[in-house]
Each structure stands twice: as structure tokens, then as C-alpha cells.
Amino acid sequence: MSDSAGGGESGGVATAGQDSEADGEPPQQAPPLLCQVEQETPEDGLPAKRSRMSEEEQGLYDVHDGITTESGSAQENKSTSPQKTRELQQPEGEEQREEELTVRGDVEECHQNGDGGPDVPEGEDIRRKEEHDGDDAAESPTPGQHLDLDFTQNPSMLTGSWTEYSSFPENYLKGCKWAPDGSCILTNSADNILRVYNLPPEIYSYSWDLIPEMSPVLRMAEGDTVYDYCWFPKMNSLEPDTCFLASSSRDNPVHVWDAFYGKVRASFRPYNHLDELTAAHSLCFSPDGEQLYCGFEKMVRVFCTERPGRDCEERPTVVKKQGQSGIISCFAFSPCQSVYACGSYSRCAGLYSCQDGTLLALLPTRHHGGLTHLLFSPDGNYLYTGGRKDPEILCWDLRDPGKVVFSLKRNVATNQRIYFDLDQSGRYLLSGDTEGVVSVWDTQTAPPDGNEELLQPQIRIQAHWDCTNGISVHPFMPILATSSGQRQFPWPTDSEGDSASDTEGGGGGGVVTLQQEIRQDNALTLWWAGPLSPIAEESQDQNAAAVEASSVPLV
């Protein structure tokens, strides 16, 4: 992995660093094809068990170093209707078998040449495989329809990553974020390493008892404490040039990392009024991906994604002592209007125009701590805000700026950034807390008059035994990702003697240390929060004890 950030400035983000490699992440050339598997989708619209290659196959997949792509026969049928697709997939003797073998040969040839396979138009990704050719459109997810979350029962733990965070002392996680195309997930941890994990292919088959512990396919080490990180919003695994992410760390420029090789593609260097390099406290790409917004104290700097370097547009948030003061700690973009929201450690949020950064509205200061996360509803009418050392998530009605529709209670007792997330429909809002509990609220049950009532959670789950700081909902599958851990402060008695000898001797200090170790839970965990297949429902009764141990509802 390159230590030089300046080397990435010689080229654009879309082309630089293609032949780079991550330290400790062979191979020496383009990542190889790991496997070729196939997915069938039953008529209930749920992912079915992946089987061996057969004449009923619907396409070929390339699981590719954190990137899942579709190729082969899927491209041939991209313009056919679901009925026509069924006809093409029915066995037709030796003629169809020859055609199938030809497609396999083409894909294998592409693999041998280092190619990921034939090009597929944007949108023809793994979501196409979940589009079913049944008659009921409501039960057949298409690119515009997703599998719905189901919180009538506790989510089931699928797999996770624990060993990865045990080699470094107190290596707690600081959040997790699904890639926009759902092919992989990104984490941040106290060792200042960004990790990328593949979505385990066993999840599609409902073989949850066979899913091994996850291991990262990429590790990207920052030089110091990571302040913020984000995916490129147009990230598509079928287009390697779009597979990158940005991160900001203390005393370092903003780095753009290649999601295939883990190398720095480019750097954005923000300078302050003294012409000194300064680190961005928050990052966010514009929805079209053409601009990168960076938050500083009383300032937002906007970089052009295709032009790395130090040139940027400066947008002060305080003009003539009026406006939003404090460090800009988080961003969110409206999905419907050319508006973005900024949260600051001064405990307030502001709405700005994307064109020139004009302040449109400054929301009242209602939070008890500095804002750490913002989120727009899918219709753009509501804004959710949450702060540090603040037990409330507030829902603001942007059609009447300053009006709080309802509030959500969670336990946040530290300065750590505690994320929350919405599903694609905007119905369910999910958040962890410092006690390891994940709460799920149904926003459709909120009172229509908006009298700032406290909305009670629909379900609460003990997801971790330590702080659940990150939660992310998969873009189109009912899968939740949670991250846990926090900085542990030793008890005063631990400093009076050797804790190891106290533990061996059975002294009081040993008991305190043992309790603290049990409390630690540094892990990335995946949860299934959707409908269960018949096979999974039968096995759920047999594994009831294990499920209850991983997700215990609170009374």
C-alpha cells in the first residue's frame, strides 16, 4: 500500500491506481475469479439455494475480490421479457446444452485473460437475479422493488467478523457502510484500517449454519485517526472505475481508495487560511458523484471529484457573525431537491443550496450534544438528526422548518458517533446505542398531527454486549450489518498492581478485569431481517437457543 498521498494526484480518480496492490493483499495482477456460482429465485421472490451448474441455470456470477458481477447469458436476455426468459431457460435438448457450454467457455476465456467478463449495462447487476418471472409483481422483486424487512420476529444472526479485531488491543469498530450496489461492506476501526468484506454467497442459499466467519478482502491503512469515510454513490461492481471510496484522517489529506486493489487513487488537499494542510472532519459525495463535500470549522470545501489536488470551492457557514458555527461534523443530501444538510458540533443543523451553498434555513438548537449523523427520508420531506451524549433522534418536517414531528429515544452516553439508518421505503428507522441494543421504529405509526410525541420502538434487540455504534441496511436485501465496540476505561483498581497476577491469584482486581473483558465485543455482524424459507423455519426451531443467545429481546 502506498504511503505517498501525492502520487495519486497525477491522474483522475476514475483512472489512477488501476495497477496498484495492497500490502499483504496478493495477487500481483488483477484479482482472480474466486468462484462461478448461480442463483435461482423461487416464485415467492426470495433468494433460493445456490446449486451446481445445470441446464436450469439463469446466469453466471463472478465473485471478484469484494465485487459481485453478472455476465454470460444474463446479457443475452437483458432485453427479453420474463415470459420469454422462462422459455429460453427451459431445456431444449442438445442445442441448448451446446449454447450453454459456449457461454461458459466465453466466461472462462475472459477469466484467463484477466477480464471480468462481457460488459453489462448499468443496473444489470445482482438485483436482476432477484427479479422473478412470477405473475405477482408485489412478490417478485425487480430493480425497483426490494425484499421487505420483517420485524414481526427477531432478526437471525448470519455471520460476522471477530478474529480480525482481536490482534490489536481494544480494536473496537467505529461504523459500517454497505456499498451502493450491495456487493460488499466497509468498516472502520480503532487501528485506523478500513476493511472491505464480501457479501457471503451462502446467504442466498439459506444455509446459514454453513456460513464461515467473514474475512476482509481489502485492508486500507490510514496514517492516523479516521474522522470520516464514504462510498462513491455511483459505485457499480460492473464498472471498476466507479469502485472507490473516500476517507479523511487526522493530519492527512482526503484519500480516495481503489476498492479493487486497496491503493490510493488520488488525494484532495484542503488548506486553511494560513496555507496549512488541514484535515476534513466529515465527508460526503454529491448524489451525482461529481463533487466531494468536506466539513471544517465554520467552513465547507467542495472539490471536483475528477480533479484531485488543492483546488476547491470554499463555502463559509458563518457570514458576518450569522449562520452555523462550530465544526461541520456530518452531511446529508436530499434525494428530491438540490439541497444538502450540515450538522455541526454547535448542536444545530442547517439547510443549504447545492448550487452556491446559500443558507436556506437554520434549524433550532434542540439537541443536547453536537450532531454526529443526519439522514433524509426517501421523499425528502423529513430530516432525522442525532447527536453525541444525546438520547434523542429528532424528526424534522422540512415543509415547516423548525417543526419536530416526533422524537426517538436511545441510550447514547458517550461522544462516540452512533449511526442510524433507514430502509429503502423510509418506514423503518434503526439505531444502536451504548448498551448494545438495536431499536427499530416504525415511522408510519407516528401521529399525523406531529405534536412531538415520543415514538416507541417496535422491537428492541440485544445485538451486542458492547456499544452498537454502526448499523447499515442492505440496499435491496433484508440484511442488517452492525458494528460494535468502544474505548474501555480501566477501573481505578487496575492501576494499583499487575492485573494479570491479580487474575491468577483470584484477587479483587482480577475480578474487575475479567468483567471488563467480558464486556468487550468488537465485531462486525450480519443479520437476516426478512421472511424465512421453509427450510430455515424448520432449522430455526432446532437452533432456538443459539438465536436467542445472539438476539435477546428486551422487556
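Along each chain, residue indices are assigned from 1 in the same order as the chain's sequence is written. In keeping with the model being predicted, local features are shown solely for residues with a pLDDT of at least 70 and side-chain atom pairs are shown and tallied solely at 80 or more, while totals for entire chains, interfaces and linings include all residues. For side-chain calculations, the full set of non-hydrogen atoms in the structure is used, while hydrogens and water are omitted.

Visitor: Mind showing me how you'd approach the layout of surface pockets here?
Guide: The probe, sized like a water molecule, is rolled over the atoms to show the empty space still left. Estimated volume of the largest pocket: approximately 1600 Å³. Taken together, the residues that form the lining of the largest pocket break down as 28 nonpolar, 12 polar and 10 charged. Definitions used throughout: a 1 Å grid over protein atoms alone; a cavity as a set of points that fits a 1.4 Å probe which cannot get out; a pocket as an open set with protein on both sides within 12 Å along at least five of seven lines; a lining residue as one with an atom within 4 Å of a point. Along the walls of the second largest pocket sit 21 residues, with Lys174, Asn415, Gln416, Arg417 and Arg487 positioned nearest its centre. Per the convention used, a helix needs a DSSP run of H or I reaching at least four residues, while a strand needs a run of E reaching at least two, with both numbered from the N terminus. In terms of residues, the lining of the second largest pocket owes the most to one element, strand E8 (residues 226-231), which gives three residues. Each residue receives one of three labels: charged for Asp, Glu, Lys and Arg, nonpolar for Ala, Val, Leu, Ile, Met, Phe, Trp, Tyr, Cys and Pro, and polar for the others, Gly being one of them. The class makeup of the residues in the lining of the second largest pocket is eight nonpolar, nine polar and four charged. Grid points are joined across faces, edges and corners, and a volume is the space filled by probe spheres set on the points.

Visitor: Sorry if this is basic, but what is going on with the pattern of salt bridges here?
Guide: Where side chains of opposite charge bring their charged atoms close, a pairing between them can arise. For salt bridges, the criterion is a side-chain nitrogen of Lys or Arg within 4 Å of an Asp or Glu carboxyl oxygen. Applying the stated criterion to the full structure yields 11 salt bridges. Two residues, Glu164 and Arg219, come together in a salt bridge whose shortest N-O distance is 2.8 Å. Here Glu164 is found in the loop between strand E3 (156-161) and strand E4 (173-178), whereas its partner Arg219 is found in strand E7 (residues 218-221), with 55 residues between them in sequence. Residue burial is assigned from relative accessible area. The probe radius is 1.4 Å, only protein chains are included, and a residue is buried under 20% of its type maximum, exposed over 50%, and partly exposed in between. Assessed through its relative accessible area of 17%, Glu164 is described here as buried. Given the relative accessible area of 28%, Arg219 is considered partly exposed.

Visitor: Explanation requested: the packing of aromatic side chains in the structure shown.
Guide: Two measures describe an aromatic ring pair: the distance that separates the ring centres and the angle between the ring planes. The criterion for an aromatic pair is that two Phe, Tyr or Trp rings (for Trp, the six-membered ring) have centres within 6.5 Å, with stacked assigned to planes under 30 degrees apart, edge-to-face to planes over 60 apart and tilted to the rest. In this structure the tally under the stated criterion is 13 aromatic pairs. For the pair Phe232 and Phe285, a centre-to-centre distance of 5.6 Å together with 90° between the ring planes defines the contact as edge-to-face. Of the two residues, Phe232 sits in the loop between E8 and strand E9 (244-249) while Phe285 sits in strand E12 (residues 282-285), which places them 53 residues apart along the sequence. Take Phe285: its relative accessible area is 5%, and that puts it in the buried class. Aromatic pair Tyr340 and Tyr352: ring centres 5.5 Å apart, planes at 20°, arrangement stacked.

Visitor: How should unusual backbone geometry be read in this particular structure?
Guide: When glycine is set aside, most residues are seen to have a negative phi, and most peptide bonds are trans. Phi angles above zero are rare outside glycine, and Asn192 is one such case at about 65°. By secondary structure assignment, the location of Asn192 is in the loop between strand E5 (184-189) and strand E6 (193-198). With a phi close to 60°, Asp251 is a non-glycine residue in the positive phi region. Mapped onto the elements, Asp251 comes out in the loop between E9 and strand E10 (254-258).

Visitor: Is there a simple way to think about the nonpolar core in this case?
Guide: Soluble globular proteins: nonpolar side chains tend toward being buried together. Ranked by internal contacts, the top residues of the largest apolar core, which has 22 residues, are Leu199, Ile203, Met477, Ile479, Leu524, Leu526 and Trp528. Elements supplying a minimum of two residues to this core: E4, strand E32 (479-484) and strand E33 (524-528). Residues Leu194, Tyr229, Leu245 and Tyr261 belong to the second largest nonpolar core, which totals 20 residues. Each nonpolar core is a collection of buried residues, namely Ala, Val, Leu, Ile, Met, Phe, Trp, Tyr and Cys, held together in the definition by side-chain atoms within 4.5 Å.

Visitor: How should the sheet that holds E7 be read in this particular structure?
Guide: Each strand in a sheet pairs with another by means of backbone hydrogen bonds, the pair being arranged parallel or else antiparallel. At least two DSSP bridges between two strands are needed for those strands to be called paired. Taken in spatial order, the four strands make up an open sheet running E4-E5-E6-E7, and their pairing is antiparallel. In this open sheet, the two edge strands, each paired with only one partner strand, are E4 and E7. Shown here is a sheet whose adjacent strand axes are inclined to one another by a mean of 20°, direction ignored. Note: E6 against E7, four bridges, orientation antiparallel. Along E7, the bridge assignment pairs Val196 with Leu218. Angles run from 0 to 180 degrees between N-to-C directions of axes, and those axes are lines fitted to C-alpha atoms, restricted for helices to the stretch in contact.

Visitor: Explanation requested: the confidence of the model for the protein in the structure shown.
Guide: Should pLDDT be low for a region, the predicted coordinates there are not to be read in detail. On average, residues of the protein score 74 in pLDDT, and 64% of them are at 70 or above. For every residue, the predictor reports its confidence as pLDDT, a number between 0 and 100. Contacts are assigned to residue pairs that have any heavy atoms within 4.5 Å of one another. A low-confidence stretch, residues 1-11 stays under pLDDT 50, and its non-local contacts, those more than four residues away or across chains, total 27 contacts. Taken together, the stretch residues 14-145 has pLDDT below 50 and engages in 231 contacts with residues farther than four places along the chain or on a different chain.

Visitor: So what exactly am I meant to see when it comes to the sheet that holds strand E15 (residues 313-316) here?
Guide: If you walk across this open sheet you meet the four strands as E12-E13-E14-E15, and the pairing is antiparallel. Taken across any chain shown, the strands that pair with only one partner, and hence form the sheet edges, are E12 and E15. For this sheet, the mean angle separating the axes of adjacent strands, direction not counted, is 20°. Where strand E13 (residues 291-296) lies against strand E14 (residues 299-304), six bridges are found, and the strand directions are antiparallel. Bridge pairing in E14 links Gln291 to Cys304.

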